[in-house]
Amino acid sequence: MTQKNESPMWSEQSLTNDLLRAILADCTDCEAEYQIATAALSAVLTRQQRKMLAEAEQLCLENLRYALRFGFVRGVLVGMTQTPEEQASDYFFENAAVIPFCSDPKTDAHNAYYQRMQTAQTHFQALQNQLGTVFQLTLDAIPCTWDFRLQHVLERIFALGLHTAHSIPTRPKLPQKK
């Protein structure tokens, strides 16, 4: 009797995609503008420009996946190391998640993220230069939507990580920052 090597029904990639899809399902604030922009641009972009736009959006999607991992781990870490009083501050999320993630592109911690972000921005800027001012607002809706999605994902997954840390009955002592 031989055993088959069957792959699991889910992989880390599919789990990440499913989680990302679920989080983005309630991120609807910019979606109408995004749909209008992509529809309008599809009528005027050349084949090369469509390829450039698709590449920029793929890089943005990869950064959402990165934010998913970072935000969850950061939420767990912060949930285990900070007191409830520290977590109740007005700028808790910004100080605990946004600033460490978004503020310093020169750090090596998120080098791949920043490289993808810069490449996407370069593509968006090249498209802007090629299309001119007539399509400026239309094109601006696309990177703005991706920025909004990133903020949304980071907020939701950080909260999930924080909740996960709070649900652990006995927390291990982690080293505190000095």
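The structure presented is a predicted model; accordingly, all values stated were derived computationally and were not measured.

Describing the nonpolar core
Membership of the largest hydrophobic core comes to 38 residues, with the highest contact counts inside it found for Phe-101, Phe-124, Ile-142, Val-153, Leu-154 and Phe-158. Those elements that provide at least two residues to this core are α1 (12-24), α2 (31-42), α3 (47-81), α5 (92-102), α6 (111-131) and α7 (136-166).

Overview of the packing of aromatic side chains
Using the criterion set out here, one finds 3 aromatic pairs in the structure. Here a set of aromatic residues connected by ring pairs shows up, and it is made of Tyr-66, Tyr-113 and Tyr-114. Arg-149 extends its terminal NZ or CZ atom over the ring of Tyr-34, reaching a point 4.5 Å from the ring centre.

Side note on the pattern of salt bridges
As enumerated under the stated definition, the model contains 4 salt bridges in all. Among the salt bridges present, the one from Arg-21 reaches Asp-18, with a minimum N-O distance of 2.8 Å. One end of the pair is Arg-21 and the other is Asp-18, both in helix α1 and 3 residues apart, which spans about a single turn. Linking Arg-156 and Asp-26 is a salt bridge whose minimum nitrogen-to-oxygen distance equals 3.9 Å. Taken as a pair, Arg-156 in helix α7 and Asp-26 in the loop between α1 and α2 lie far apart in primary sequence, 130 residues in all.

The rules behind each value
Residues numbered from 1 in each chain as written. Predicted model: local features only at pLDDT ≥ 70, side-chain atom pairs only at ≥ 80, totals over all residues. Heavy atoms only, no water. Core = buried A, V, L, I, M, F, W, Y, C linked by side-chain atoms within 4.5 Å. Buried < 20%, exposed > 50% of the residue type's maximum accessible area, 1.4 Å probe, protein only. Helix = DSSP H or I, 4+ residues; strand = E, 2+ residues; numbered from the N terminus. Phe/Tyr/Trp six-rings, centres within 6.5 Å; stacked < 30°, edge-to-face > 60°. Lys NZ or Arg CZ within 6 Å of the ring centre and 35° of its normal. Salt bridge = Lys/Arg side-chain N within 4 Å of Asp/Glu carboxyl O.

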